[in-house]
Amino acid sequence: MRCPLRFYLAYLVLLGFSGVISIYGPHQRAQKTGDILLGGLFPIHFGVTSKDQDLAARPESTECVRYNFRGFRWLQSMIFAIEEINNSSAFLPNITLGYRIFDTCNTVSKALEASLSFVAQNKIDSLNLDEFCNCTGNIPSTIAVVGASGSAVSTAVADLLGLFYIPQISYASSSRLLSNKNQYKSFMRTIPTDEYQAIAMAAIIDHFQWNWVIAIASDDEYGRPGIEKFENEMFHRDICIDLNVLISQYIDEAEIRRLADRIENSTAKVIAVFASGPDIEPLVKEMVRRNVTDRIWLASEAWAISSLVAKPEYLDVMGGTIGFALRAGHIPGFKEFLQEVHPKKSSHNEFVREFWEETFNCYLEDSPRNEDSENGSTSFRPLCTGEEDIASVETPYLDFTHLRISYNVYVAVYAIAQALQDILTCTPGKGLFANGSCADIRKVEAWQVLKQLRHLNFINSIGERVRFDNGSELSANYTIINWHRSPEDGSVVFKEVGYYSIHNKNGAKLSIDKTKILWNGRLTEVPFSNCSEECEPGTRKGIIDGEPTCCFECTECSDGEYSDHKDASVCSKCPNNSWSNGNHTSCFLKEIEFLSWTEPFGIALALLAVLGVLLTAFVLGVFVQYRDTPIVKASNRELSFLLLFSLICCFSSSLIFIGEPQDWTCRVRQPAFGISFVLCISCILVKTNRVLLVFEAKIPTSLHRKWWGLNLQFLLVFLFTFVQVMISLVWLYNAPPGSYKNYDIDEIIFITCNEGSMMALGFLIGYTCLLAAVCFFFAFKSRKLPENFTEAKFITFSMLIFFIVWISFIPAYFSTYGKFVSAVEVIAILASSFSLLACIFFNKVYIILLKPSRNTIEEVRCSTAAHAFKAAAKATLRHSSSSRKRSGSVGGSSASSPSSSISLKTIGNEMESPSTRRHSQKPRVSFGSGTVSLSISFEEARKNSVQ
């Protein structure tokens, strides 16, 4: 019963796995049968399409996109090596190697899908079904796998193949994680580990004395361990990393833009990148779009010569890149083999058809892509003729000048062949298996090949020793390249500028010829990318918040501080009377400044003040000389003399603001200015209001003459001025001003006056402006009176200027500092004083000196009579109108017009007869020393009204 049951179960397993072998795995492959089968995993495409599987229907396999010409060349290298071994009489005589090669599309999912097909046959062999059928006669198991390329892909594949002890030899996976033999028991490689590359990259950064870099890595098993080792190495070398980020080819555009922004904003000029070509390509495209040309890129071997990035159109940004490339090897006959590729000659390689279509941008007959094109799913391409010349196009596929990864594939195939050769030539009793036995080459299993590979030790064609025993890694020999632009066709040229060897016998691990390097594609000077320079005298070391502790910035000493030695931790403060020099390396004595008599500005203000005094004195002299003339008399000569004296005081007070401030000058200057101006404006106010009241009086009486007598005028001027004097005395008593030195201004000590109380100064100026406002009001009301008497229009204009000056003075005073405070006040004093002098007196001086014909009694009388006539006429009309209203109320009685007589006569020093005075009893108005008599007759014809 047990035997039939076992047979039945074996039959079911055989049936199931036979179906798996025949249908499972990617459809597109390169396959050729042989006595011993090798597997291959290569990135024929750079990635897969992104699809959202909502599981509404049976999920479909994702489509691979973006053809990888270099990946196809690596595949060709494996096929070439296998055919070369099959054609060799020295290797494996009478043994034919076959292959099954799949496309990983540079993704884990596709690689695992392909790896399952390798595992399936080996699982059937482990069931030991030979007693039931010859199950393995036509389908040999895969005894070793060459691949994959990316470390992330190889890690996933190694986990799967390691379960079945299928040896895996990678040609491009350099992650240091894969060096863990306990976890990845069947993994080997023909490329140095990233641990050495991280050390080499740090050594280059140290060689060029950079200590401020950006680190970027792919978010996978290749980038993360590599950048981790790089960070540790940088830490031991005291080199700082400004920015450390992970990227992927599937990252969204917004994240790429944010990363590009961070790179642009970083002060680090060197960017070290541990990533593959597809992963770094999106970032490079964004940097090219922004034309960021001031960065130096350090490329790991995974993208240093990648065709995705090393493009002529990228050289403006990527030119000058320093990269690590594997030591190139030589494969005899490989060039001719690559050129012989043709769809009709490669029936075992299904990838050739797509390669041909992508190379010549056409479609072969019966191609599924041609059907898609006809259905409109892709862009139209013409049919391929089959006569295209592969040598006429330039693609990375034919770039066989420096065979690096292709050579690693070649070495991996030969390593497997060498292990099989050792099994074939094994002497019984000296074998590696139990009791020194040897494996049967015709029935060799994967675990036996793995055992033999672990004891492999041979020298490859470039002299490197290849060993796969525990703890052994391939020697780290890197060629350092620099990206140049070809002067002939503008293509990218990988110029060898040095090398790095971890096992150099001479002990020199790094050798670089700086003269061969072109930085940023055109410069010969080594760029600067340091976290901080040595702090020179005049600066101090300062920690940068959020940055590594090994980084500091040289902060210039603040104004008023200095440092006189290098790498100072703190800056010393200069004494109060000193200031730091321009370099902040020492201190010098500050300059003492004030509004000096000797500087041009002070001289100009002083000259203007003296000119004002002289002009005012000249006007005063003219008025004294012509004091008995009608113009002077009409101007109220006594008040005019006092007004001119006050203007002299105003001009003179401005001189106190010039010169080095002393305590006494600070106490005197503001009261002197305030009292002088109040005296001046009081005189103008009294004389203007006096004339206004007299001329507006309907019938001047003795009361007006008494009220506006000369003594009362002087009394009012005294009272107005006394108020200002009291304000000044209270100020000087409670908060007297004084001089002080202002040390707050850089490089200068300003000697100024401390006003003691800004409120008191405000009262002083405010009271002056209040009197000026009242004066402006009366002058504006009297603007239509005889101008020979009151000059009201000129007073109005002078008051307007006064207000404009002092309103502008307030913001100017509080917005300036130092000596300019005094200058602003002097300018305000001079401007307002000149406006008063010019508006009130220059017109009169002009008439007195240049137009004496107008300085007569008749001229004054004519102007005054005209104004009086108008005023009397208005008064009489108002009186007549009121009389008619009263007559009409009585009952129509005859209206009689009133009769009034007003006579105008000016009495100077001449005498009148007593009889004339008796017959001329008219109202008199006193103006100064003269008397004006007004007399105008007006009579209205009587009219009788008949009711």
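Residues numbered from 1 in each chain as written. Predicted model: local features only at pLDDT ≥ 70, side-chain atom pairs only at ≥ 80, totals over all residues. Heavy atoms only, no water.

Colleague: For this particular structure, what's the right way to read a nonpolar patch on the surface?
Modeller: Taken together, Leu715, Phe718, Leu719, Phe722, Met726 and Leu729 make up a surface patch of nonpolar side chains, about 560 Å² in accessible area. By secondary structure assignment, the location of Phe718 is in helix α20 (residues 710-734). (Patch = residues over 30% accessible without salt bridge, like charges linked within 9 Å, V, L, I, M, F, W, Y side chains within 5 Å. Areas by Shrake-Rupley, 256 points an atom, 1.4 Å probe, with all protein chains shown as cover. Salt bridge = Lys/Arg side-chain N within 4 Å of Asp/Glu carboxyl O. Helix = DSSP H or I, 4+ residues; strand = E, 2+ residues; numbered from the N terminus.)

Colleague: Explain the environment of Val213 to me, please; I cannot follow it from the model alone.
Modeller: Looking at the secondary structure, you find Val213 in strand β9 (residues 212-218). Residues Val213 and Ile239 lie 26 residues apart in sequence; the distance between their C-alpha atoms is 8.0 Å.

Colleague: Mind showing me how you'd approach unusual backbone geometry here?
Modeller: What is expected of a backbone is that most residues other than glycine have negative phi and most peptide bonds are trans. Between Gly147 and the following residue, Ala148, the backbone shows a cis peptide bond with an omega angle of 0°. Although it is not a glycine, Tyr165 sits at a positive phi angle of roughly 55°. Looking at where Tyr165 falls in the secondary structure, it is placed in the loop between α4 (151-163) and β7 (168-170). In the Ramachandran plot, Gln209 falls in the positive-phi region, its phi being about 60° despite a non-glycine side chain.

Colleague: I tried to follow the UniProt feature "transmembrane region" (unreviewed entry) in the protein chain on my own but got confused; where do I start?
Modeller: The UniProt entry lists residues 7-25, 601-626, 638-659, 671-693, 714-733, 760-780, 792-814 and 820-842 under the feature "transmembrane region" (unreviewed entry), expressed in the numbering used here. Between the end C-alpha atoms of residues 714-733 the distance is 28 Å, and the span holds 100% helix and 0% strand. End C-alpha atoms of residues 760-780 are separated by 30 Å, and the span's content is 100% helix alongside 0% strand. (UniProt positions renumbered as here; feature names shortened; annotations may be inferred.)

Colleague: How do you make sense of the sheet that holds strand β26 (residues 738-742) when you look at a structure like this?
Modeller: Backbone-to-backbone hydrogen bonds join strands into a sheet, with any given pair of strands oriented parallel or antiparallel. The strand order across the open sheet formed by three strands is β25-β27-β26, and the pairing between neighbours is mixed. Every other strand in the sheet has two partners, leaving β25 (591-593) and β26 as the edge strands with one partner each. Within the sheet, the average angular offset between the axes of one strand and its neighbour, ignoring direction, is 25°. Bridging between β25 and strand β27 (residues 748-754) involves three bridges; their strand directions are parallel. Note that in β27 the partner of Glu591 across the bridge is Ile748. (Pairing = 2+ DSSP bridges. Axes fitted to C-alpha atoms, helices over the stretch in contact; angles between N-to-C directions.)

Colleague: Looking at this structure, how should I read the nonpolar core?
Modeller: Nonpolar side chains tend toward joint burial in soluble globular proteins. Ranked by internal contacts, the top residues of the largest apolar core, which has 109 residues, are Phe42, Phe72, Met78, Ile143, Val146, Phe230 and Leu420. Both domains that furnish three or more residues to this core are identified here as domain 1 (29-48 + 62-191 + 331-366 + 382-463) and domain 2 (194-327 + 475-512). Not counting residues up to four positions away in its chain, the partners in contact with Ile143 are Ile36, Leu37, Leu38, Ile166, Pro167, Ile416, Leu420, Val444, Glu445, Ala446 and Val449. Core analysis: the next-biggest nonpolar cluster, separate from the first, contains 61 residues, Val678, Leu761, Val826 and Leu837 among them. (Core = buried A, V, L, I, M, F, W, Y, C linked by side-chain atoms within 4.5 Å. Buried < 20%, exposed > 50% of the residue type's maximum accessible area, 1.4 Å probe, protein only. Domains from an automatic or database assignment. Contact = heavy atoms within 4.5 Å.)

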